[in-house]
Amino acid sequence: MKGEVKKPAVLDWSAFLGLGIKESVSDFHCVEGWSVLECRWQGVPFVSLSEHIKPNREAKFVGFNCHDGYTTSLPLDVALDDDVILACKLNEKWLDSDLGGPVRLIVPKKYAYKSAMWIKIIEFIKTDRLGYWESRGYSNTANPWRNDRWARITEEHKA
Ligand SMILES: Nc1nc2c(c(=O)[nH]1)N[C@H]1C(S)=C(S)[C@@H](COP(=O)(O)O)O[C@H]1N2
Ligand SMILES: [Mo]
């Protein structure tokens, strides 16, 4: 974890787990149209990570870099929502790599492309950086209840 933070940190597995495991039950929505309901994710809440590294006041966004080269980002206030979790278990079972293990992000209120798998680096940044899908036309707000799948459509419909 690095960037606009007071205490950059490299967390090994036990340090990560030491931040405290909680459960977050949520449904999972992909832009392609499918959803998986009632997933019980266990992991470290993003808030706990954030308290650990102490973001500077300039930090407004969080960028996620994954082991497969995938990237995505969230506004810091969205990432600090209490249901956002760095999951290492699903329904009490350690996450296999095909589910994004050892550690993946879960952002229940957003489309699944925000839920980055195989998290490698978390960077607190001043200005947003469009991620893999976001730079290919998908909505950067990714709100499944407003159905904002495509950036252009959302811009036109912003209330
Ligand atoms: N690292 C990484 N994370 C990723 C992706 C990816 O390609 N690489 N795809 C995203 C997309 S588009 C979806 S729908 C979900 C799929 O997660 P699942 O396979 O657990 O359902 O992961 C998201 N996170
Ligand atoms: Mo997706």
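Placed above this text is the structure.
As the structure is a computational prediction, the values presented were derived from the model and not from experiment.

> Looking at this structure, how should I read the site of ligand 1?
Every one of the 14 residues lining ligand 1 counts as a neighbour, but Asp68, Tyr70, Arg104, Ser115 and Met117 are closest to it. Between ligand 1 and the protein, one listed contact pairs a nitrogen atom with a backbone N or O atom of Ser115 at 3.0 Å. Met117 has a polar backbone atom sitting 2.8 Å from a nitrogen atom of ligand 1. With the chains in place, 79% of the 540 Å² that ligand 1 exposes on its own is no longer accessible.

> Looking at this structure, how should I read unusual backbone geometry?
The bulk of non-glycine residues show a negative phi, and the bulk of peptide bonds are trans. The omega torsion of the bond from Gly101 to Pro102 falls at 10°, within 30 degrees of zero and hence cis. As for its position among the elements, Pro102 is in the loop between strand E7 (93–94) and strand E8 (104–106). Although it is not a glycine, Glu38 sits at a positive phi angle of roughly 55°. Among the structural elements, Glu38 can be located in strand E3 (residues 35–45). Backbone geometry places Ala142, a non-glycine residue, at a positive phi of 55°. Structurally, the position occupied by Ala142 is in the loop between strand E9 (119–125) and helix H4 (151–157).

> How should the packing of aromatic side chains be read in this particular structure?
Centre-to-centre distance and the angle between the planes together describe a pair of aromatic rings. Across all of its chains, the model carries 11 aromatic pairs by this definition. Aromatic pair Phe28 and Trp34: ring centres 6.2 Å apart, planes at 45°, arrangement tilted. Here Phe28 falls in the buried class, since its relative accessible area comes to 11%. Measuring from centroid to centroid gives 6.0 Å for Phe28 and Trp41, while their planes differ by 55°, and the two rings are tilted. Taken as a pair, Phe28 in strand E2 (residues 22–29) and Trp41 in strand E3 lie far apart in primary sequence, 13 residues in all. For Trp41, a relative accessible area of 3% translates into the label buried. The structure contains a cluster of three or more aromatic residues connected by ring pairs, namely Tyr70, Tyr111, Tyr113, Tyr132, Trp133 and Tyr138. In this structure, Lys89 packs its charged tip against the face of Trp94, placed 4.5 Å from the ring centre. In this structure, Arg136 is placed above the aromatic ring of Tyr132, and the distance from its NZ or CZ to the ring centre is 3.8 Å.

Thresholds applied
- Residues numbered from 1 in each chain as written.
- Chains lettered and ligands numbered in written order.
- Predicted model: local features only at pLDDT ≥ 70, side-chain atom pairs only at ≥ 80, totals over all residues.
- Heavy atoms only, no water.
- Near = heavy atom within 4 Å.
- Polar contact = N/O pair within 3.5 Å; in protein donor to acceptor, adjacent residues only side chain to side chain.
- Areas by Shrake-Rupley, 256 points an atom, 1.4 Å probe, with all protein chains shown as cover.
- Helix = DSSP H or I, 4+ residues; strand = E, 2+ residues; numbered from the N terminus.
- Phe/Tyr/Trp six-rings, centres within 6.5 Å; stacked < 30°, edge-to-face > 60°.
- Buried < 20%, exposed > 50% of the residue type's maximum accessible area, 1.4 Å probe, protein only.
- Lys NZ or Arg CZ within 6 Å of the ring centre and 35° of its normal.

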